[in-house]
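Chain residues, written in single-letter form:
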Amino acid sequence: MNIKQFSNLKKIGLAIALSVVTAVGATLPATAVHAQTATGALPMPEITIYHLEGRRSERLVWLMEELGLPYTLNFTRGNLAASMAAIRAINPAMPVAPTVTYGDQVLVESGAIIEMILARHGGGRLVPPLASPDFATHLLWIHYAEGSLASRAIADYRVWQIQPPQQRSPLVDSEGVVQFAENFLANNPWFGGAEFSAADIMMLFPINFAMTLNIVNKAQFPHINAWITKIEARPAYQAMLAKARPDGMVGSLPALPVNASRPVTP
Ligand SMILES: N[C@@H](CCC(=O)N[C@@H](CS)C(=O)NCC(=O)O)C(=O)O
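Just so it is clear, the model here is predicted, and its values are computed rather than measured.

About the cut-offs
- Residues numbered from 1 in each chain as written.
- Predicted model: local features only at pLDDT ≥ 70, side-chain atom pairs only at ≥ 80, totals over all residues.
- Heavy atoms only, no water.
- Phe/Tyr/Trp six-rings, centres within 6.5 Å; stacked < 30°, edge-to-face > 60°.
- Helix = DSSP H or I, 4+ residues; strand = E, 2+ residues; numbered from the N terminus.
- Buried < 20%, exposed > 50% of the residue type's maximum accessible area, 1.4 Å probe, protein only.
- Pairing = 2+ DSSP bridges.
- Right-handed = clockwise from strand over helix to strand, strands pointing away.
- Near = heavy atom within 4 Å.
- Polar contact = N/O pair within 3.5 Å; in protein donor to acceptor, adjacent residues only side chain to side chain.
- Areas by Shrake-Rupley, 256 points an atom, 1.4 Å probe, with all protein chains shown as cover.
- Nonpolar A, V, L, I, M, F, W, Y, C, P; charged D, E, K, R; others polar.
- Axes fitted to C-alpha atoms, helices over the stretch in contact; angles between N-to-C directions.
- Parallel < 35°, antiparallel > 145°, perpendicular 65-115°, else oblique.
- Left-handed = near helix turned anticlockwise from the far one by under 90°.
- Contact = heavy atoms within 4.5 Å.
- Core = buried A, V, L, I, M, F, W, Y, C linked by side-chain atoms within 4.5 Å.
- Domains from an automatic or database assignment.

1. Let's talk about the packing of aromatic side chains
(1) Moving on: Here the structure, examined in full by the defined rule, presents 12 aromatic pairs.
(2) Moving on: On the numbers, 5.4 Å between centres and 45 degrees between planes, the contact of Tyr 144 with Phe 180 is tilted. In this pair, Tyr 144 sits in helix H6 (residues 133-162) while Phe 180 sits in helix H7 (residues 174-187), placing the two residues 36 residues apart along the sequence.
(3) Moving on: Residue Tyr 144 is classed as buried on the basis of its relative accessible area, which comes to 11%.
(4) Moving on: Residue Phe 180 is classed as partly exposed on the basis of its relative accessible area, which comes to 42%.
(5) Moving on: Ring centres of Phe 184 and Phe 191 lie 6.2 Å apart, and the angle between their planes is 10 degrees; on these two criteria the pair is classed as stacked.
(6) Moving on: Residue classification places Phe 184 among the buried positions, given a relative accessible area of 14%.
(7) Moving on: Given a relative accessible area of 0%, Phe 191 falls into the buried group.
(8) Moving on: Among the aromatic residues, those joined into a cluster by ring pairs are Trp 141, Tyr 144, Phe 180, Phe 184, Phe 191 and Trp 227.

2. Focus: the pairing of strand E1 (residues 47-50)
(1) Moving on: On E1, burial covers both faces: Ile 47 and Ile 49 on one face and Thr 48 and Tyr 50 on the other are all buried.
(2) Moving on: Here E1 runs beside strand E2 (residues 72-74); their pairing, made up of three bridges, is parallel. Note on E2: the bridge partner recorded for Tyr 50 is Asn 74.
(3) Moving on: Traced from E1 through helix H3 (residues 58-67) to E2, the parallel crossover comes out right-handed.

3. Side note on the site of the ligand
(1) Moving on: Taken together, Arg 55, Arg 56, Arg 59, Met 84, Val 96, Ala 97, Pro 98, Glu 109, Ser 110, Glu 146 and Phe 205 make up the full set of residues near the ligand.
(2) Moving on: Contact between the ligand and Ala 97: an oxygen atom at 2.8 Å from a main-chain N or O atom of the residue.
(3) Moving on: Take Glu 109: an N or O atom from its side chain is 2.9 Å from a nitrogen atom of the ligand.
(4) Moving on: Considering the ligand on its own, with 510 Å² of exposed area, one finds that the protein chains cover 71% of that surface.
(5) Moving on: A per-class count over the shell around the ligand returns five nonpolar, one polar and five charged.

4. Section: the packing of H3 against helix H10 (residues 235-244)
(1) Moving on: Close contact between H3 and H10 brings their axes to 8 Å; oriented N to C, the two are set at 130 degrees. For the element pair H3 / H10, the angle class is oblique. Helix-helix and strand crossings are classified by hand; for H3 and H10 the assignment is right-handed. Seen from H3, the contacting residues are Glu 58, Val 61, Trp 62, Glu 65 and Glu 66; seen from H10, they are Ala 236, Tyr 237, Ala 239, Met 240, Lys 243 and Ala 244.
(2) Moving on: Among the residues making up the contact of H3 with H10, the classes are represented as seven nonpolar, no polar and four charged.

5. Focus: the environment of Lys 243
(1) Moving on: Residue position: Lys 243 is located in helix H10.
(2) Moving on: Residue classification places Lys 243 among the partly exposed positions, given a relative accessible area of 27%.
(3) Moving on: Through-space distance from the C-alpha of Lys 243 to that of Glu 58 is 9.6 Å; in sequence the pair is 185 residues apart.

6. Some thoughts on the environment of Asp 104
(1) Moving on: Mapped onto the elements, Asp 104 comes out in the loop between strand E3 (99-102) and strand E4 (105-107).
(2) Moving on: When its relative accessible area of 61% is taken as the criterion, Asp 104 is described as exposed.
(3) Moving on: With 59 residues separating them along the chain, Asp 104 and Pro 45 place their C-alpha atoms 8.5 Å apart.

7. What about the side chain of Arg 59?
(1) Moving on: Within the element layout of this structure, Arg 59 appears in helix H3.
(2) Moving on: Look past the residues within four positions of Arg 59 in its chain and what remains in contact with it is Ser 110, Ile 114, Ala 145, Glu 146, Ile 201, Met 202, Phe 205 and Pro 206.

8. Structural notes on unusual backbone geometry
Trans is the common state for peptide bonds, and a negative phi is the common state for residues other than glycine.
(1) Moving on: Here the residue pair Ala 97 and Pro 98 is connected by a cis peptide bond, since its omega of 5 degrees sits within 30 degrees of zero.
(2) Moving on: Relative to the helices and strands, Pro 98 is located in the loop between helix H4 (80-90) and E3.
(3) Moving on: With a phi angle near 65 degrees, Leu 126 is a residue other than glycine that sits in the positive phi range.
(4) Moving on: On the secondary structure map, Leu 126 appears in the loop between helix H5 (110-121) and H6.
(5) Moving on: Phi at Asn 214 is positive, roughly 60 degrees, even though this residue is not glycine.
(6) Moving on: Mapped onto the elements, Asn 214 comes out in the loop between helix H8 (198-212) and helix H9 (222-232).

9. Considerations on the nonpolar core
One broad rule of soluble globular proteins: the nonpolar side chains tend to lie buried together.
(1) Moving on: In this structure, Leu 63, Ile 117, Phe 191, Met 203, Ile 224 and Trp 227 are the most contacted members of the largest nonpolar core, which totals 61 residues.
(2) Moving on: Per-element tally for this core: the top contributor is H8, with 11 residues.
(3) Moving on: Composition of this core by domain shows at least three residues from each of domain 1 (2-121) and domain 2 (133-244).
(4) Moving on: Setting aside its immediate chain neighbours within four residues, Phe 191 contacts Thr 137, His 138, Trp 141, Ala 181, Phe 184, Leu 185, Ala 199, Asp 200, Met 203, Ile 207 and Trp 227.
(5) Moving on: Of all hydrophobic cores here, the second largest spans seven residues; its members include Leu 52, Met 84, Ile 90 and Ala 97.

Structure below.
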């Protein structure tokens, strides 16, 4: 399916200018992964998720599986470069995963796309009640996932790749940002508060990034580990893995040494 989609894209011309990106999206084969009925308030245009295996675009696939909404998934299995070429063809100015075509629009930023889909098509699902305290913390974690957690974990990882730091900067301190999440889960079952929400979908990627690459010590965060176990038991998460990561992780980044996260004592 994916190779076919990619070759179809090539047939209609990878060099087509951005001005006709809409037409490219419209001519993609209608290979919707899922075709259940939408329950949201607004009619939903065709959605195509341009995906890289194991990357943030999994959030959108997982969201759509949780909601039971139709979408087309575009990636070339086991070939990140080919998947990225498809993203560049549709979104040359900002080629990142996820790139999502939503009707005529080409969208980036997973959190913004998730909030838009929930507002228009979610029918109140995966969002706590507006007047509840959980609504405020749900939004907090939706934005914290990229704004604080991913940005600090990636900064730490890059610093380590250049040269292990002699002293940990309080401004680049992944343990602190993960600990803040751990503390919340000590008192709440989900980042959505009482119930699973889209905040949980947003938080998993940077937490996995920080833990699997040894940016933080996974063993220090028991509540997060218990939360990951609950996440992995969700049918929609498993459906996402089967469709969006059928061969496991592709092109993993090298992990840091174990215990790299420990502050260096001079
Ligand atoms: N804040 C953006 C980040 C998007 C992003 O950086 N995605 C990564 C994959 S996880 C990517 O496309 N990297 C490829 C690149 O930057 O060249 C979001 O949440 O969607």
